[in-house]
Amino acid sequence: MTEEPLDLTPLYRVLEQYRAQRGALIPVLQKAQELYGWLPKPVLETIAREMRVPLSQVYGVVTFYAQFYLTRRGRHIIRQCDGTACHVRGAGRIISTVENRLGIRAGETTPDYRVTYEVVYCLGSCGLAPVAMVDDQVVGHLVPETMVKIVDQLQ
Ligand code: FES
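Starting afresh in each chain, residues are numbered from 1 along the sequence in its written order. For a predicted model such as this one, the threshold for reporting local features is a pLDDT of at least 70, and the threshold for listing and counting side-chain atom pairs is 80 or more; totals across whole chains, interfaces and linings nevertheless cover every residue. Water and hydrogen atoms were dropped before computing side-chain values, which therefore reflect all heavy atoms in the structure.

## Here's the deal with the overall build of the protein
Under the scheme used here, helices are H or I runs from DSSP no shorter than 4 residues and strands are E runs no shorter than 2 residues, and both carry numbers assigned from the N terminus. A count of helical and extended segments in the protein gives seven helices and four strands. The N-to-C order of helical and strand elements in the protein reads α-α-α-α-β-α-α-β-β-β-α. For the protein, the spread of C-alpha atoms along the three principal axes comes to 50 × 35 × 25 Å. Exposure is judged per residue with a 1.4 Å probe applied to protein chains only, and the accessible area is read against the type maximum: over 50% gives exposed, under 20% gives buried, and values in between give partly exposed. Counting all 155 residues of the protein, 42% fall into the buried class. Any pair of residues with heavy atoms lying within 4.5 Å of one another is described as a contacting pair. Expressed as a percentage of contacts within the protein between residues at least 6 apart in sequence, the contacts between residues at least 24 apart total 61%. Working definition of accessibility: Shrake-Rupley area with a 1.4 Å probe, residue cover restricted to the visible protein chains. Entry remark: accessible area of the protein is about 9,100 Å², with carbon and sulfur atoms responsible for 52%. Separation of charge centres in the protein, based on 17 positive and 16 negative side chains, amounts to 3 Å. Positive charges come from Lys and Arg alone, negative charges from Asp and Glu alone, with His and the N- and C-terminal ends not counted. Charged groups are reduced to one reference atom each: NZ for lysine, CZ for arginine, CG for aspartic acid, CD for glutamic acid.

## Things to note about the domain arrangement of the protein
For every domain, the bounds stem from an assignment made automatically or drawn from a database. Considered domain by domain, the protein is made up of domain 1 (9-64) and domain 2 (76-153). Relative to domain 2, the C-alpha centre of domain 1 lies at a distance of 31 Å.

## Some remarks on the packing of helix α1 (residues 9-18) against helix α2 (residues 25-36)
Relative placement of two packed helices is described by the angle separating their axes and the distance separating the axes. Two elements in contact, α1 and α2, have axes whose closest approach is 10 Å; the angle formed by their N-to-C orientations is 160°. With respect to α2, the axis of α1 lies roughly antiparallel. Crossing of α1 against α2: the hand is right-handed. In contact with P10, L11, V14, L15 and Y18 of α1, α2 contributes P27, V28, K31, A32, L35 and Y36. Looking at the contact of α1 with α2, its residues break down into ten nonpolar, no polar and one charged. Inter-axis angles, ranging from 0 to 180 degrees, are taken between N-to-C directions of lines fitted to C-alpha atoms, where helices are fitted over the stretch in contact. An angle below 35 degrees is treated as roughly parallel, one above 145 as roughly antiparallel, one from 65 to 115 as roughly perpendicular, and anything else as oblique. Should the near helix be turned counterclockwise from the far one by less than a right angle, the crossing is left-handed, whereas a clockwise turn marks it as right-handed. Three categories are distinguished: nonpolar for Ala, Val, Leu, Ile, Met, Phe, Trp, Tyr, Cys and Pro, charged for Asp, Glu, Lys and Arg, and polar for the others, with Gly belonging to the last.

## Concerning the environment of Y65
The residue Y65 is located in the loop between α4 (55-64) and β1 (76-81) in this model. Along the sequence, Y65 and I26 sit 39 residues apart, while their C-alpha atoms lie 9.7 Å from each other.

## A word on the nonpolar core
One finds L29, L39, I47 and V58 to be the most contacted residues of the largest nonpolar core, which totals 21 residues. At the level of elements, α1, α2, α3 (41-51) and α4 are the ones that each hand at least two residues to this core. Ignoring anything within four residues of it in the chain, the contact list for L29 reads L39, L44, I47, V58, V61, V62 and F68. Only buried residues count toward a nonpolar core. Its members are Ala, Val, Leu, Ile, Met, Phe, Trp, Tyr and Cys residues joined through side-chain atoms within 4.5 Å. One finds I104, Y117, M147 and I150 within the second-largest nonpolar core, a separate group that totals 16 residues.

## What to know about the sheet that holds strand β3 (residues 132-134)
The four strands are arranged β2-β1-β3-β4 in an open sheet whose pairing can be described as mixed. The open sheet has two free edges, formed respectively by β2 (115-120) and β4 (137-139), since each of these has just one partner strand. For this sheet, the mean angle separating the axes of adjacent strands, direction not counted, is 20°. Across six bridges, the pairing between β1 and β2 is parallel. Bridging across to β2, H76 finds its partner in V115. In the packing of helix α6 (residues 91-102) onto the sheet, contacts are made with β1 and β2, and the angle to β2 comes to roughly 160°. Whether two strands pair comes down to DSSP finding at least two bridges between them.

As structure tokens, then:
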């Protein structure tokens, strides 16, 4: 799949707001990630240049914090819980079913960037086990068939 060209105009708008502020690197990176969904190399290079920070320092920050992504994410993010409560209620079977359905392993993104599928270890909703977050929605009492239906509906 070909990458769409990256429009850096909105990033320059963000940089305009923060350029004069010392220590604004993290908020700028957060805003940039909101704009692009992840942090592509040209975005990091632009931020480093415009904020007058070494690129190595920018990479240092981005790799230190788990909130930043250096690879492109899917349009939809599914986080399947496989913590203890969810595991004993069959999360493992849901995970293998979804992996088969999407043709990827947990932790990967489909080649068309439709879905990123992740496994996490407790979403704080153990009473609803097994649980997944589908984008911003918590879905509980899952069975593999329900999850397949949900996955198929994501565009
Ligand atoms: S173990 Fe799955 S929500 Fe807590």
